[in-house]
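Inside the fold
Below, each chain spelled out in residue letters.
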Amino acid sequence: MPLVQKEYGTESSTGPILLGTNRGLIFETELTLEAEKPSYKKQVYDLGLGRPKYPINGLEFLRVPNTNQYLIIVAAPDYIFTFQETLRSDEKSLQSIFTGYVNGTQSHGFETAKTDLNYSVLKLYAQPGEKFASLWGWLCGSGIRHGRIAQSSITTEKFLLGDDLVPLDKDIEQRKHLSSEERRLSVPVSFVLTEYHVLLMYPDHIKGICLLNQQVVYEEYFHEQMGKLLNIVRDPFTGSVYVYTEKMLFSYKICDEHRHVWQIYLGKGLYDLAEAHAGDDKNKNLVLESKAQAAIQNGNYMAAAEILADTNNAFEEVCLKFIDLQDKHPIITYLRKRLDKLPTENNEEQLMVLVTWLVDLYLTEINYPGRSKVEKEEWQIAYDEFMRQFSVVKFVRANRATIHKLIAQHADNHNLAQFAIANEDYEEVVLQHLAAEKYLDALNILRKQKDPELYYKYCPIIMEFIPHETIEVLKSQGRKFQVTKLIPTLITIDTPLHIAEVTKYLEYCIYNLCETNTSVHNYLVRLYAQHQPPKVIEYLETEGHDASLVHYDINYALCVCLQFKVHEACVFLYCLLELWYDALDVALRFDMALAKATASKPKDEETKSELWLRIVCHEIEGTNDVKKALDLLNECNLLRIEDLLPFFSDFEKIDDFKEPICKALKVYNQKIQELQHDMAECTKQSERVQNDLENIRERCLIIESQEMCNSCDTYLLVKPFFVFGCGHKFHADCLEKSVVPHLISEESRKLTMLKQQLESMLTQSAAMAENSKELQKKREKLKHEIEEIVAADCPYCGLMIDTIDQPFVEDWDQVNVDWE
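Below: a short report on this structure.

Procedures and definitions
Residues numbered from 1 in each chain as written. Predicted model: local features only at pLDDT ≥ 70, side-chain atom pairs only at ≥ 80, totals over all residues. Heavy atoms only, no water. Helix = DSSP H or I, 4+ residues; strand = E, 2+ residues; numbered from the N terminus. Buried < 20%, exposed > 50% of the residue type's maximum accessible area, 1.4 Å probe, protein only. Contact = heavy atoms within 4.5 Å. Areas by Shrake-Rupley, 256 points an atom, 1.4 Å probe, with all protein chains shown as cover. Patch = residues over 30% accessible without salt bridge, like charges linked within 9 Å, V, L, I, M, F, W, Y side chains within 5 Å. Salt bridge = Lys/Arg side-chain N within 4 Å of Asp/Glu carboxyl O. Pairing = 2+ DSSP bridges. Axes fitted to C-alpha atoms, helices over the stretch in contact; angles between N-to-C directions. Phe/Tyr/Trp six-rings, centres within 6.5 Å; stacked < 30°, edge-to-face > 60°. Lys NZ or Arg CZ within 6 Å of the ring centre and 35° of its normal. Parallel < 35°, antiparallel > 145°, perpendicular 65-115°, else oblique. Nonpolar A, V, L, I, M, F, W, Y, C, P; charged D, E, K, R; others polar. Polar contact = N/O pair within 3.5 Å; in protein donor to acceptor, adjacent residues only side chain to side chain. Core = buried A, V, L, I, M, F, W, Y, C linked by side-chain atoms within 4.5 Å.

Helix and strand content of the chain: 35 helices and 21 strands. Of all 820 residues assigned to the chain, the portion counted as buried reaches 40%. Sequence separation of 24 or more characterises 48% of the internal contacts of the chain that already satisfy a separation of 6 or more. Total accessible area computed for the chain in this model is approximately 48,000 Å², and 52% of it derives from carbon and sulfur atoms.

On the surface, a nonpolar cluster with roughly 330 Å² of combined accessible area is contributed by L230, V233, Y244 and L249. With respect to the helices and strands, Y244 occurs in strand β18 (residues 241-245). The class of Y244 is partly exposed, set by a relative accessible area of 30%.

What follows covers the sheet that holds strand β11 (residues 143-149). Here we have four strands laid out as an open sheet, ordered β9-β10-β11-β12, and antiparallel in their pairing. Looking at the sheet topology across the chains shown, the edges are occupied by β9 (121-125) and β12 (160-167). Averaged over neighbouring strand pairs, the angle between their axes works out to 20 degrees when direction is ignored. Relative to β12, β11 runs antiparallel, the two being bridged by six bridges. Opposite H146, over in β12, you have D164 as the bridge partner.

With that out of the way, let us pick up unusual backbone geometry. One non-glycine residue, Q214, lies in positive phi territory at about 60 degrees. Looking at where Q214 falls in the secondary structure, it is placed in the loop between β15 (205-210) and β16 (216-221). For Q214, a relative accessible area of 38% gives the class partly exposed.

Right, let's get into the packing of aromatic side chains. Tallied over the full model, the rule gives 22 aromatic pairs. The interplanar angle of 70 degrees and the centroid separation of 6.1 Å between the aromatic rings of Y362 and W379 together place this pair among those described as edge-to-face. Separated by 17 residues along the polypeptide, Y362 in helix α10 (residues 348-366) and W379 in helix α11 (residues 373-387) bring together distant segments of the chain. Accessibility classification places Y362 together with W379 in one group, the buried group. Pairwise contacts between aromatic rings join Y45, F83, F98 and Y101 into one cluster. In this structure, K41 is placed above the aromatic ring of F27, and the distance from its NZ or CZ to the ring centre is 5.5 Å. One Lys or Arg, K123, reaches over the ring of F191 and ends 5.7 Å from the middle of that ring.

In this section: the pairing of strand β3 (residues 25-29). In terms of residue burial, β3 counts as a mostly covered element, since five of its five residues are buried. Both faces of β3 are covered, namely the face carrying L25, F27 and T29 and the face carrying I26 and E28. Here strand β2 (residues 17-20) pairs with β3 via four bridges, running antiparallel. Considered in β3, the bridge of I17 is made with T29. Between the antiparallel neighbours β2 and β3 lie four residues, among them G24 with a positive phi of about 85 degrees.

One pass over the full model with this rule turns up 13 salt bridges. Close ionic contact of E91 with R88 constitutes a salt bridge, the shortest N to O distance being 3.4 Å. Salt-bridge contacts for D733 lead to K719; the nearest nitrogen and oxygen are separated by 2.9 Å. With a gap of 14 residues between them, D733 in helix α31 (residues 732-739) and K719 in the loop between α30 (658-698) and β20 (721-723) connect regions that are remote in the sequence. Using a relative accessible area of 33% as the deciding quantity, one classes K719 as partly exposed.

On to the packing of helix α21 (residues 518-531) against helix α22 (residues 534-543). Angle between the axes and distance between the axes are the two parameters that describe a pair of packed helices. Contact geometry for α21 and α22: axes closest at 8 Å, N-to-C directions at 150 degrees. Relative to α22, α21 is oriented roughly antiparallel. From α21, H521, L524, V525, Y528 and A529 reach across to α22, where they touch K535, V536, Y539 and E543. Classifying every residue of the contact of α21 with α22 by side-chain character gives six nonpolar, one polar and two charged.

Take the side chain of E501 next. Within the fold, E501 resides in helix α20 (residues 496-511). You can call E501 buried: its relative accessible area is 5%. Leave out the neighbours within four places in its chain, and E501 touches M463, P467, H468 and I471.

Attention now goes to the sheet that holds β18. The three strands lie next to each other as β17-β18-β19, forming an open sheet whose pairing is antiparallel. Each end of this open sheet is capped by a strand with a single partner; those strands are β17 (229-234) and β19 (249-252). Taking the axes of each pair of neighbouring strands and ignoring which way they run, one obtains an average angle of 15 degrees across the sheet. Judged from the five bridges that link them, β17 and β18 form a sheet pairing that is antiparallel. Its bridge partner lying in β18, R234 is registered against V241.

Summarising the element assignment, S13 is placed in the loop between β1 (3-4) and β2. Side-chain polar atoms of S13 contact the backbone nitrogen of G15, separated by 3.1 Å. At a separation of 2.4 Å, a polar atom in the side chain of S13 contacts the side chain of E30. Dropping the residues within four chain positions of it, S13 is found in contact with E30, L31 and T32.

With that settled, consider the nonpolar core. Residues Y505, Y552 and L573 are the most contacted members of the largest nonpolar core, which totals 70 residues. If one sorts the elements of this core by residue count, helix α24 (residues 567-576) sits on top with eight residues. Setting aside its immediate chain neighbours within four residues, L573 contacts L540, Y552, I554, A557, L558 and C561. Listed in part, the 40 residues of the second largest apolar core include C319, L354, I366 and W379.

Summarising the sheet, β15 and β16 pair through five bridges and their orientation is antiparallel. Within β16, the position partnered with I209 by the bridge is V216.

Turning our eyes to something else, we now look at α24. Counting buried residues in α24 gives eight out of ten residues, a clear majority hidden from the surface. Of the positions making up α24, those classed as buried are A569, C570, V571, F572, L573, Y574, C575 and L576. Positive phi appears at E578, one or two residues downstream of α24, with a value of about 60 degrees.

Turning to the packing of helix α18 (residues 467-476) against α20, a few remarks are in order. Running from amino to carboxyl end, α18 crosses α20 at an angle of 10 degrees, the nearest separation of the two axes being 9 Å. In terms of axis orientation, α18 runs roughly parallel to α20. Packed against α18, whose contacting residues are P467, H468, I471, E472, L474 and K475, the element α20 presents L497, H498, E501, K504, Y505 and Y508 at the interface. By residue class, the composition of the contact of α18 with α20 is six nonpolar, two polar and four charged.

Written out as structure tokens, the structure is:
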């Protein structure tokens with residue numbers, strides 16, 4: 001029995017193949033068309049173990065899909081041997097499969113059977129076009145043994161699964177008493193497997209037997225004139241079955257093989273397999289009915305309800321099976337599955353029945369007397385999940401009044417509130433909770449909805465009873481509200497607790513939400529001034545010292561602080577308004593350190609000096625306290641001893657002021673010396689300038705004949721030219737070309753106008769000879785003005801350096817037009 005290894009075969013070579021002999025030997029060989037590659041033959045395994053006759057009747061080779069694992073099945077008259085091994089991807093020989101079995105590290109699997117035959121037949125079945133077989137069959141003395149082949153990676157020796165038997169007409173014991181001819185006719189010669197049947201070939205007829213129930217479904221005898229039956233085979237690619245005799249070839253076409261399979265499975269109680277093979281809806285409905293009936297007989301009503309929901313049985317008939325059960329899970333399961341299968345269009349009445357019945361069932365179970373807390377929660381979860389279904393939500397929105405009435409009949413306040421929330425009828429829920437004095441529940445409902453108007457409307461009521469919780473909810477909503485609309489509604493009771501909570505919310509709005517509304521800031525200032533005066537100055541410092549950047553009304557804040565006598569804040573606000581004298585007057589009443597700090601704030605030294613004089617007047621007038629006066633003199637560098645003397649009487653001793661007066665005289669003397677030194681320096685500078693001017697008048701430059709223009713590199717003396725003190729020399733026209741592009745528009749227009757006037761004068765000079773001297777003076781004046789513009793500065797040393805930051809191109813639009 002040769003076997004070709006398709007994994008290795010090419011157009012010119014079969015690759016390694018296996019051969020089985022009558023002595024139980026397995027050889028590896030190869031058939032090739034290549035002359036330079038001779039054929040070979042080597043033994044890879046011995047099943048016969050030296051016996052003179054132990055024929056190998058079947059040899060099959062398989063590769064497990066998507067792996068490098070290979071399986072070999074060898075059939076002898078009384079045994080089936082199995083071998084398996086994982087080969088390397090570059091392996092070119094099959095001998096490696098048997099290596100572990102030869103050296104004893106592996107043991108092959110086997111199936112044994114009692115037999116009186118000297119042969120056996122091994123056949124595999126695979127779907128047409130599939131490489132890996134799914135079924136195996138073995139003809140031996142006891143009949144056809146068959147089963148499945150493992151489809152995934154195999155880790156055990158046994159990969160031939162199942163061992164069902166299709167017995168022959170006469171067993172071994174009966175065949176012992178038959179003649180040789182009768183025995184030959186009663187035993188099949190060969191067979192083929194199909195998906196659900198086996199076709200047995202006897203010497204004179206063909207018999208088809210169902211593998212599921214072993215019933216004969218087909219039998220055909222062949223006339224002797226057709227010739228002796230030789231074999232029956234199946235094409236693995238097309239699935240066609242062929243029987244050939246000595247004279248003829250017959251083809252069997254298998255049609256609708258599985259049409260009665262579902263009935264067989266159903267009869268065996270294999271409902272899942274029966275449903276899978278039922279085919280049309282009528283057969284499937286019969287299977288489901290039987291399956292559901294079996295579940296009911298076993299007391300599994302939940303499974304029965306799920307199954308019956310997939311049938312087309314009458315709705316009322318099915319409901320009667322479960323309606324009287326104490327456990328309502330089956331009837332609810334059935335109704336929900338029917339609801340899921342119900343088309344959404346043109347089924348309003350059925351939808352009404354299913355939804356309302358389910359709502360009633362759920363609410364009944366939730367509120368059933370004696371329910372434990374856990375059971376109640378389970379039913380509530382199931383009800384909530386049901387109410388979130390799309391079809392249910394759509395129906396409920398269209399029939400809100402009906403469902404609301406149904407829930408109200410069960411007196412279930414929780415689900416009534418949930419229903420209102422689901423339909424966004426939050427105001428009704430809030431009113432229900434407020435009527436029941438459940439203020440926290442009402443607040444929670446407000447938190448779940450998105451309409452800020454309900455907050456403005458009901459927060460004042462809730463705030464009266466649970467101020468802390470109300471403020472926490474408002475803070476959790478962030479920027480959802482207009483604070484200016486919300487705050488006035490919260491000030492309903494002015495208890496310390498309410499005021500503290502409102503203050504906390506205002507602080508949250510200002511410091512966390514960065515609220516900039518002036519009224520919000522003003523209100524916080526008032527609350528601080530009235531109830532927490534120390535916090536006023538903290539808030540004002542946080543807002544800053546720039547009056548243009550603060551968010552509160554300074555004048556309002558000042559009035560509030562004056563009203564509640566928050567003196568430090570008043571000083572701060574007066575300073576912010578630059579009312580220094582008022583600020584100082586307030587500060588002098590309670591804090592001298594603050595007064596001194598206030599007097600030091602103005603930038604104007606005159607104002608600052610006047611403020612310090614007020615402090616001096618406040619401190620020493622009428623007391624003649626020389627020490628305090630001298631201390632103030634040391635604290636402010638703007639005060640002089642002469643400023644303090646008027647505050648003392650004419651009879652005060654001069655000795656007390658001796659030291660500060662001497663110190664003041666020294667300062668004045670030092671300033672006089674500095675002024676004298678500055679005057680001497682100015683005199684020297686003026687003298688140096690005069691000397692430089694005299695030197696410039698006497699300075700001259702010598703121009704050689706070979707001197708070149710720094711612009712055009714031609715001889716300088718060939719045309720009028722200009723020479724600058726830096727040494728650069730330009731022709732008059734070259735200088736003008738270099739300077740004009742850098743002139744501002746005003747100078748450029750003036751230069752053009754002067755040149756036009758000069759040209760007109762040159763034209764008039766010939767016709768007005770009598771006035772030539774006057775014209776000459778005018779021309780000289782115009783030339784001088786032109787030269788002041790053109791030769792104002794050296795282009796290289798002055799003009800170009802001054803304009804280095806100007807762009808080379810100013811009008812890019814014009815440049816683009818020119819380039820086009």
